[in-house]
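Coordinate inspection notes
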Amino acid sequence: MRSTDTNSWHPASWQSRKAAQQPVYDDPAALDRAVAELARLPPIVVSWEVENLRERLAAVQRGEGFLLQGGDCAESFTECESDRIAKQLKVLLQMSLVLLSGMKRPVVRIGRMAGQYAKPRSADLETRDGVTLPAYRGDIVNRSEFTAEARRPDPQLLLRGYERAALTLNFVRALVDGGFADLHHPEYWDLGFVRHAPLREAYERTVHAIADALDFFESLSGQKVHEATRVDFFASHEGLHLLYEQAQTRFIPRQNRWYNLSTHMPWIGMRTAQLDGAHVEYFRGISNPIGVKIGAAMDGPWLQELVTRLNPQNQPGRLTLIHRFGVKDTERLLPAAIEAVRRTGHTVLWCCDPMHGNTETTTGGLKTRRFENILREIDLAFTIHAQMGSYLGGVHVELTGEDVTECTGGARGLTDADLQRAYRSQVDPRLNYEQALELAMLISERSKRHS
Ligand code: PEP
Ligand code: CO
């Protein structure tokens, strides 16, 4: 059944397969030039960081940690700005702190950042008032305005995307190295515009408990626990645009393996996980830890073949399955998925994406998600994994560190009518800063029941 064998893999071997969700460029020579230029540029991450992440994910998979993966549905080129990036990093760090304090386990932080620029679409074309144009596929492909010029896929955007990914990760690294993420640093505790008083109080209690624990440890040992309190931060994006991913795929002689060095952890989206498709072919040959989104359409045999083909050596930390069944289907579909994977004899890291199965459209035509559904799907996932003797090792969420109004509910009870106020996403609705922090608190509380 396996027509693919590792020996015949190379970074472009996916090109002989059907590649879903790829843009159609009208100037192949310009595309070749852009891809060749991309392939000459230095990588954004290096292989030892990627290996470090894989080892951490292996520990999470063994139940010794928890994965927090989050960020925008899609980053935009115009929002590659210091304030926005710092806020995004901050909300993820604060959430991880809350999770850490509740779970008493290390939290691995992975942003949907520094390269989350390509989006799968349900249709290749979009028609408005009798005019049909290519769909917007993310800033690395075309622009969202509805004009022929903006919607034309432009190969130069691959380079602009690569540059912005590098700028973003460079800034994140500088912030983390410079002490932004140091548990002793005052900015780290700052709650910005969280105005909901109970949320603020609960967060401050957590922070003080951690600060007290640090003080206690430091007075006991007579040493600053500086090193131990520094955090790591990793990048991830959907590995959708295969020419972009291919151009950043490098052979590392020291490791004797191929790596995608555009990010630490690329994932395969739900629309591109076909067994005979180009994405699965590409992903099987890179050595990064990878994710695969698991949705309702994926039956047991499909899932089993994905697990064995993408991780034939059953290497710990290699494969994260991100289930996104939605609150309605989780009870029906998750147990069967866990059982199917168990029958392969392989181990995976299970992660719950409570966002993508819970998207709905308001009567006003806005895409939204209800906080209670997001929380309920996570609750169900914890319960089902625990009942089946499996470990839910992480969550994957779409969020922003800003005060947007895209998802309803949460402690401040945003309603459909509130969504108009600050709805900014071009794609999927994100949890705002307060909702994201609240979600971390609720997960942290609930996880105590399941540990
Ligand atoms: C996403 O993560 O933004 C996405 C498109 O998810 P999925 O592939 O699960 O639909
Ligand atoms: Co999304």
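Computed from a predicted model, the values in this text were never measured in an experiment.

Another point: the overall build of the chain. Secondary structure summary: the chain contains 13 helices and 14 strands in total. Its C-alpha radius of gyration of 21 Å places the chain within 12% of the 22 Å reference for a compact globule of 451 residues. Projected onto its principal axes, the C-alpha coordinates of the chain cover approximately 65 × 50 × 45 Å. Across the chain, every contact between residues at least 6 apart in sequence was considered, and the portion connecting residues at least 24 apart equals 77%.

Turning our attention to the coordination of the cobalt ion (ligand 2). Protein ligation of the cobalt ion (ligand 2) involves Cys-73 (SG), His-356 (NE2), Glu-398 (OE) and Asp-428 (OD), the donor distances falling in the range 2.1 to 2.4 Å. A relative accessible area of 0% places Glu-398 in the buried class.

Summed over all chains, the structure comprises two cavities of 30 Å³ or more. Approximately 40 Å³ is the volume found for the largest cavity. Lining the largest cavity, in full, are Gly-115, Tyr-117, Ala-118, Ile-140, His-237, Glu-238, His-241, Tyr-244 and Glu-245. For the lining of the largest cavity, the elements supplying multiple residues, two or more each, are strand S5 (234-238) and helix H8 (242-247).

Within the structure shown, the criterion is met by six aromatic pairs. Plain terms: the ring middles of Trp-9 and Trp-258 are 5.8 Å apart, the flat faces sit at 65 degrees to each other, and that makes the pair edge-to-face. On the criterion of sequence distance, the pair formed by Trp-9 in the segment before helix H1 (28-40) and Trp-258 in strand S7 (residues 257-260) is long-range, its members being 249 residues apart. The class of Trp-258 is partly exposed, set by a relative accessible area of 28%. Here the aromatic rings of Phe-251 and Trp-258 are separated by 5.4 Å at their centres, their planes lie at 65 degrees, and the arrangement is edge-to-face. The class of Phe-251 is partly exposed, set by a relative accessible area of 38%. Chaining the aromatic ring pairs together yields one cluster made of Trp-9, Phe-251, Trp-258, Tyr-282 and Phe-283.

Reading the values: the criteria
Residues numbered from 1 in each chain as written. Chains lettered and ligands numbered in written order. Predicted model: local features only at pLDDT ≥ 70, side-chain atom pairs only at ≥ 80, totals over all residues. Heavy atoms only, no water. Helix = DSSP H or I, 4+ residues; strand = E, 2+ residues; numbered from the N terminus. Rg over C-alpha atoms; globule rule 2.2 N^0.38 Å. Contact = heavy atoms within 4.5 Å. Donors = N, O, S within 2.8 Å, 3.2 Å for Na, K, Ca; no water. Buried < 20%, exposed > 50% of the residue type's maximum accessible area, 1.4 Å probe, protein only. 1 Å grid on protein atoms, 1.4 Å probe; cavity = no way out; pocket = protein on both sides within 12 Å on 5 of 7 lines; lining within 4 Å. Points joined across faces, edges and corners; volume = space filled by probe spheres on them. Phe/Tyr/Trp six-rings, centres within 6.5 Å; stacked < 30°, edge-to-face > 60°.

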